[in-house]
Amino acid sequence: MELNNVKDSVGVADDLPTTVDVLIAGAGPTGLALGIDLARRGVRALVVERQDRLSPGARGTGVQPRTQEVYEDLGVLEAMRAVGGLYPPLGLWENGRITEVSEMIERVDPTPAVPHSTTLMVPQFRALEVLHTRLTELGGSVLLGTELTAFTPDADGVTVRLQRAGAAHSVRAAYLVAADGGRSTVRRELGTGMSGPALEPGVALLADVRIDGLDRDHWHRWILPNGGFTALLPLAGTDLFQTLIAAPEGTTDTSPETIRTLLSTRTHLAPEQIREVVWSSVFRPRAGMADSYRTGRVFLAGDAAHVHSPAGGQGLNTSVQDAYNLGWKLGQVLRYGAPDSLLDSYGTERRPIAASILDTSTRLHRSGSLRRGRDLHQLDIGYPDSPLTRELRTVLAEGTPVAGDRAPDAPCRTADGRPTRLFDAFRGPHFTLLALGDVELDETQLPADPALLRVVRVGGPAPDLLDADGHVQDAYGSGPAVLLVRPDGYLALGAPAEGATARVSAALADIVGTAALQPAG
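Just so we're clear, the structure is a prediction, and the values are computed from it rather than from any experiment.

Caption draft 1: Quick look at unusual backbone geometry. A cis geometry characterises the amide bond from Gly479 onward to Pro480, with omega recorded as -5°. Structurally, Pro480 is set in the loop between helix H10 (471-476) and strand S27 (481-485). With a phi close to 50°, Arg59 is a non-glycine residue in the positive phi region. By the secondary structure assignment, Arg59 is in the loop between strand S2 (45-49) and strand S3 (62-63). One non-glycine residue, Ala165, adopts positive backbone phi at about 55°.

See the structure below:
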């Protein structure tokens, strides 16, 4: 098994374009997710990656429930499930046998509102393959072996200089997005600072290995007398174990011989049982957040904007959701002429999220806790204080989602009785207007483009969806009301039924500007 098997010869254009709408530096989970989101919006985006292949190594494996919702919308969740699986229980070894078994990853039953409720394990090299495949399906491209060496922003765009196969190239982009990792070249060239808590110094070795004589039903762990530990996680969908060797007496040697020696001295495994080391790396925990996510036409996303301790499995998930937040906003500006101020809301919304998650992951890192519960699922993340959020209802039952909250799912039926879900209605690059109950709504005064806005009536005199089992009411309240769901699945507007048309038009104008609001009538 090769890690990763997407190399320079696969899915790479022969000629560099001279102009694109968005140039994305970095083909990790952030850059590929953003490329997918832009491609499905008809935005010309180019992803460039310095390495000649997608990154190998299992690295971050945990896909939280909220990110699974993002992946479902991007059209990759089923493929992720096919190459992933659930985490096994933790098995603690002493004296050559497992003496204690515990569930490190809390398993939560799904509900109508939360269909994806348990963390999914997907080796990162497999996730990159899935994302890359989806991007190419949508007509997007990745240029591997292509390094961003310099860039010059101006009022109208960014001129990016690239190095590929020994030759220099220049590409003109309307926007540049840095998804080039924690040591971001773009962030450094911008001079953007990064600050955060100091983590205790330490080194760990990561490796993906093939091992004989070890069951795949446990996440194996050995604790050393000095407090360090070694862990071996069977990677779903592979014959590999992800190895983490903490506190290895300061060594930074990642050779197969060193990995084999350390494993055989810190576990009950014999050297000959450690059959093959297929990838290895040194890991030093860091924590920090960029002082700004935007400088003119240049944006930071993912690890370029924030780095976390891996405790809690939050970093990759936060990064993918950066892309999901930024993607629809770039699409609105480039396709519909939305005001530039919409792009400012990217940092306004995402930096507080990163700060909160940074606090959480740092706390877990310092405590040494391995527990991962539902509080880490990122389903409670919202944007109540965003300039894009408008809640106009004054009387609401306790627990009813308000503007800024995640829009929950709900099983329901089409008008002709076929089963469906609200997530099916939300799926795609558009805003969704939920009209709950008997709402006076003049659709001829709303945007006509279904790629911008889709109106979905639930109940009322001419419904698109029927709440046969009451799941919509359970999720959103009894109504009547109108709810404007953003393309990234958060409520932008909650309003009463009275004067609904004018309230929706005003909310849309605030978000996307008046240029896009060409009414159907």
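Caption draft 2: Local environment of the packing of helix H2 (residues 65-74) against helix H7 (residues 315-336). Interaxial distance between H2 and H7 falls to 10 Å at its minimum, and their mutual angle equals 40°. Considering their axes alone, H2 and H7 lie oblique with respect to each other. Considering the relative orientation of H2 and H7, their crossing is left-handed. Judged by residue contacts, Arg66, Thr67, Val70, Tyr71, Asp73 and Leu74 of H2 engage Leu316, Asn317, Val320, Gln321 and Tyr324 from H7. Here the residues of the contact of H2 with H7 are counted per class, giving six nonpolar, three polar and two charged.

Caption draft 3: Representation of the packing of aromatic side chains within the structure. Here the structure, examined in full by the defined rule, presents eight aromatic pairs. Plain terms: the ring middles of Tyr293 and Tyr346 are 5.6 Å apart, the flat faces sit at 45° to each other, and that makes the pair tilted. Here Tyr293, found in the loop between strand S17 (288-290) and strand S18 (294-295), pairs with Tyr346, found in helix H8 (residues 341-367); they are 53 residues apart in sequence, far enough to count as distant. Take Tyr293: its relative accessible area is 2%, and that puts it in the buried class. Relative to Tyr346, the ring of Phe299 lies with its centre 6.1 Å away and its plane at 70°, an arrangement referred to as edge-to-face. In this pair, Phe299 is assigned in strand S19 (residues 298-300) and Tyr346 in helix H8, connecting sequence segments 47 residues apart. Take Phe299 and Tyr346: they sit in the same class, and that class is buried. If you follow Arg297 out to its NZ or CZ, it ends over the ring of Tyr175, 4.8 Å from the centre.

Caption draft 4: Molecular detail of the sheet that holds strand S20 (residues 306-307). Pairing is antiparallel across the open sheet formed by three strands, whose spatial order is S11-S17-S20. With one partner strand each, in any of the chains shown, strand S11 (194-195) and S20 form the two edges of the open sheet. Sheet topology note: the S11/S17 ladder contains two bridges and is antiparallel. The residue bridging Met194 from the neighbouring strand is Ala290, located in S17.

Caption draft 5: Structural detail: the pattern of salt bridges. What the rule picks out here adds up to 27 salt bridges. The residue Arg294 makes a salt bridge to Asp340 at a minimum N-O spacing of 2.7 Å. Of this pair, Arg294 sits in strand S18 while Asp340 sits in the loop between H7 and H8; the two residues are 46 residues apart in sequence, bridging distant segments of the chain. Taking relative accessible area as the criterion, Asp340 reaches 38% and is therefore assigned partly exposed. Here Arg294 and Asp344 are joined by a salt bridge, their closest N and O atoms 2.7 Å apart. Of this pair, Arg294 sits in strand S18 while Asp344 sits in helix H8, and the two are 50 residues apart along the sequence. What makes Arg294 buried here is its relative accessible area of 16%. Among the charged side chains, a network of salt bridges with common partners joins Glu72, Asp409, Arg421, Asp424 and Arg427.

Caption draft 6: Geometry of the nonpolar core. The biggest cluster of nonpolar side chains holds 97 residues, and the ones touching the most others in it are Leu23 and Leu484. The element best represented in this core is H7, accounting for nine residues. Each residue touching Leu23, except ones within four places of it in the same chain, is listed here: Leu46, Val48, Leu148, Val160, Leu162, Val171, Ala173, Tyr175, Leu176 and Val177. Ala425, Val458, Leu483 and Val485 belong to the second-largest nonpolar core, a separate cluster that totals 18 residues.

Caption draft 7: Inspection of the pairing of S27 at higher detail. With five of five residues buried, S27 lies mostly within the body of the structure. Alternating positions in S27 separate into two faces, Ala481, Leu483 and Val485 on one and Val482 and Leu484 on the other, with burial throughout. Looking at chain direction, strand S24 (residues 431-436) and S27 are connected through five bridges and run antiparallel. Residue pairing in the sheet places Leu434 in a bridge with Leu483 of S27. As paired strands, S27 and strand S28 (residues 491-496) are joined by five bridges and run antiparallel to one another. What sits directly across from Val482, in S28, is Ala495. Between S27 and S28, which follow one another and run antiparallel, lie five residues, and Gly489 among them has a positive phi close to 85°.

Caption draft 8: Representation of the sheet that holds strand S4 (residues 90-94). If you walk across this open sheet you meet the seven strands as S5-S4-S13-S14-S15-S12-S16, and the pairing is mixed. Of all strands in the sheet, those bounded by a partner on one side alone are strand S5 (97-102) and strand S16 (274-283). If you compare each strand with its neighbour and ignore which way they point, the axes differ by 25° on average. In this sheet, strand S13 (residues 219-223) lies alongside S4 in parallel orientation, the contact comprising four bridges. The residue of S13 that forms the bridge with Leu90 is Trp219. Lying over the sheet, helix H6 (residues 256-266) contacts strand S12 (204-211), S13, strand S14 (229-234), strand S15 (241-246) and S16, oriented at roughly 100° with respect to S16.

Caption draft 9: Region of interest: helix H11 (residues 500-512). The terminal C-alpha atoms of H11, which comprises 13 residues, lie 18 Å apart, in line with the 18 Å expected from a rise of 1.5 Å per residue. Of all the residues in H11, the buried ones are Ala500, Thr501, Val504, Ala507, Leu508, Ile511 and Val512. The buried residues of H11 occupy an angular sector of 135° when the element is viewed end-on, so they sit on one face. Note on H11: the residue one or two positions beyond its end, Gly513, has a positive phi of about 80°.

Procedures and definitions
- Residues numbered from 1 in each chain as written.
- Predicted model: local features only at pLDDT ≥ 70, side-chain atom pairs only at ≥ 80, totals over all residues.
- Heavy atoms only, no water.
- Helix = DSSP H or I, 4+ residues; strand = E, 2+ residues; numbered from the N terminus.
- Axes fitted to C-alpha atoms, helices over the stretch in contact; angles between N-to-C directions.
- Parallel < 35°, antiparallel > 145°, perpendicular 65-115°, else oblique.
- Left-handed = near helix turned anticlockwise from the far one by under 90°.
- Contact = heavy atoms within 4.5 Å.
- Nonpolar A, V, L, I, M, F, W, Y, C, P; charged D, E, K, R; others polar.
- Phe/Tyr/Trp six-rings, centres within 6.5 Å; stacked < 30°, edge-to-face > 60°.
- Buried < 20%, exposed > 50% of the residue type's maximum accessible area, 1.4 Å probe, protein only.
- Lys NZ or Arg CZ within 6 Å of the ring centre and 35° of its normal.
- Pairing = 2+ DSSP bridges.
- Salt bridge = Lys/Arg side-chain N within 4 Å of Asp/Glu carboxyl O.
- Core = buried A, V, L, I, M, F, W, Y, C linked by side-chain atoms within 4.5 Å.
- Expected span 1.5 Å × (residues − 1).
- Arc of directions from axis to C-beta.

Fair warning: the whole summary comes from geometry, so function is off the table for now.
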